[in-house]
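Letter by letter, the chains look like this.
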Amino acid sequence: MIDLNADLGEGFGRWELTDDERLLSVVTSANVACGFHAGDAATMRRVCVLAAERGVRIGAQVSYRDLAGFGRRAMDVPPAELAAEVAYQIGALEVFARAAGTRVSYVKPHGALYNRVVHDEGQAGAVVDGVRLADASLPVLGLPGSRLLEVAEKAGLPVVTEAFADRAYTEAGTLVPRGEDGAVVTDPDAVVERSVNLARLGVVDSHSGRRIPMRARSLCLHGDTPGAVELARRVRSQLEASGVRVAAFA
C-alpha cells in the first residue's frame, strides 16, 4: 500500500498554478499551501471543499514566509518565530478544513524549509514545536533519515516517510538541488517506472545511476509539473496494475 500526495492550492489571487480539481480525483492526500509560499484564504477554502467531497486527506504544507520566491529561497528564521509561523499556517488551514467537514490530517514542510530540516536540527525542532503547538497528534511527512522525522519521533509525533517520483536523488538519499541539471525528472515513462520501484521494491536510482534504498509510505507528485494530471493518472494506474493498493496513510 502507498499514499499518493501532491502539492495543491499553489495559486494566489487570480493566478493559478495547479489543476487542483482534476488532481484531487487521482491523489489520496493533498499538501495544501497555507499562504506563506503560495495560496490565499479563498484558494485554501476551495481546495478544502474539493478535497472533502472526494475523501482526500488534507495536509498543511508549511513554509518560510516567501511568496516572491515560492518558498524556495534559503532563509534564516529564529526558531521561536518559525514555530509560531508553522502553527499559524496549520491553524489557518484547519479553519477551512473544519468548515468543509473534515480536518487537517498531517503536516509537510515545503521547498527550502523541507530541505533545510533534513540536516538542520534547530530548524527541525522549530517545525516540530509549531506542529505540537497546533495539534500534537498530527503526523509529520518528510524525507527518510531526516532530522525532522528524528526530532518529531522523539517528541512523540507520528512520522511518515516520503519519496519523490519526479525528483533526482543523491547517493546519500537526499534531493538533488533544483539549481542542478537533472534535478527534476521530466520523462513520464521514467517517473512511472520510478514510482513502481519505490512502491514495490523500496528503491530508487540516484542521479549517478546507483540504486539506493528508499522506503516510503507516501509518494509525492508535484502539481506544478507540465502535464501533472495525466502523469498522476498514469502513475496511479500502473501502481494498481502492479498490485499496489493506493490509499491515504492518515
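Structure: see above.
Residues numbered from 1 in each chain as written. Predicted model: local features only at pLDDT ≥ 70, side-chain atom pairs only at ≥ 80, totals over all residues. Heavy atoms only, no water.

### Some remarks on the overall build of the chain
Part 1 of the reasoning: Assigned secondary structure in the chain consists of 8 helices and 9 strands.
Part 2 of the reasoning: Rg of the C-alpha trace for the chain: 17 Å, near the compact-globule value of 18 Å for 250 residues, within the 12% margin.
Part 3 of the reasoning: Projected onto its principal axes, the C-alpha positions of the chain cover 40 × 35 × 35 Å.
Part 4 of the reasoning: Burial statistics for the chain: of 250 residues in total, 55% are counted as buried.
Part 5 of the reasoning: Here the contacts in the chain between residues at least 6 apart in sequence split such that 71% fall between residues at least 24 apart.
Part 6 of the reasoning: Carbon and sulfur atoms form 50% of the exposed surface of the chain, whose accessible area is close to 10700 Å². (Helix = DSSP H or I, 4+ residues; strand = E, 2+ residues; numbered from the N terminus. Rg over C-alpha atoms; globule rule 2.2 N^0.38 Å. Buried < 20%, exposed > 50% of the residue type's maximum accessible area, 1.4 Å probe, protein only. Contact = heavy atoms within 4.5 Å. Areas by Shrake-Rupley, 256 points an atom, 1.4 Å probe, with all protein chains shown as cover.)

### Focus: helix α6 (residues 147–154)
Part 1 of the reasoning: Inspection of α6 places Leu-148, Leu-149, Val-151 and Ala-152 among the buried residues, and these make up the whole buried set. Along the axis of α6, the buried positions cluster into a sector of 165 degrees, meaning they face one direction only. Within α6, the exposed residues directed more than 90 degrees away from the buried face are Glu-153 and Lys-154.
Part 2 of the reasoning: Where α6 is buried, its residues touch β4 (104–109), α4 (111–119), α5 (121–135), β5 (140–142) and β6 (159–164). (Arc of directions from axis to C-beta.)

### Side note on the pairing of β6
Part 1 of the reasoning: Bridge count between β5 and β6: 3 bridges; the pairing is parallel. Across the sheet, the residue bridging to Leu-141 is Val-160, located in β6.
Part 2 of the reasoning: Taken together, β5, α6 and β6 form a β-α-β motif whose crossover is right-handed.
Part 3 of the reasoning: Pairing of β6 with strand β9 (residues 218–221), which is carried by 3 bridges, proceeds in the parallel orientation. (Pairing = 2+ DSSP bridges. Right-handed = clockwise from strand over helix to strand, strands pointing away.)

In short, the description is geometric, and any link to function would need to be established separately.
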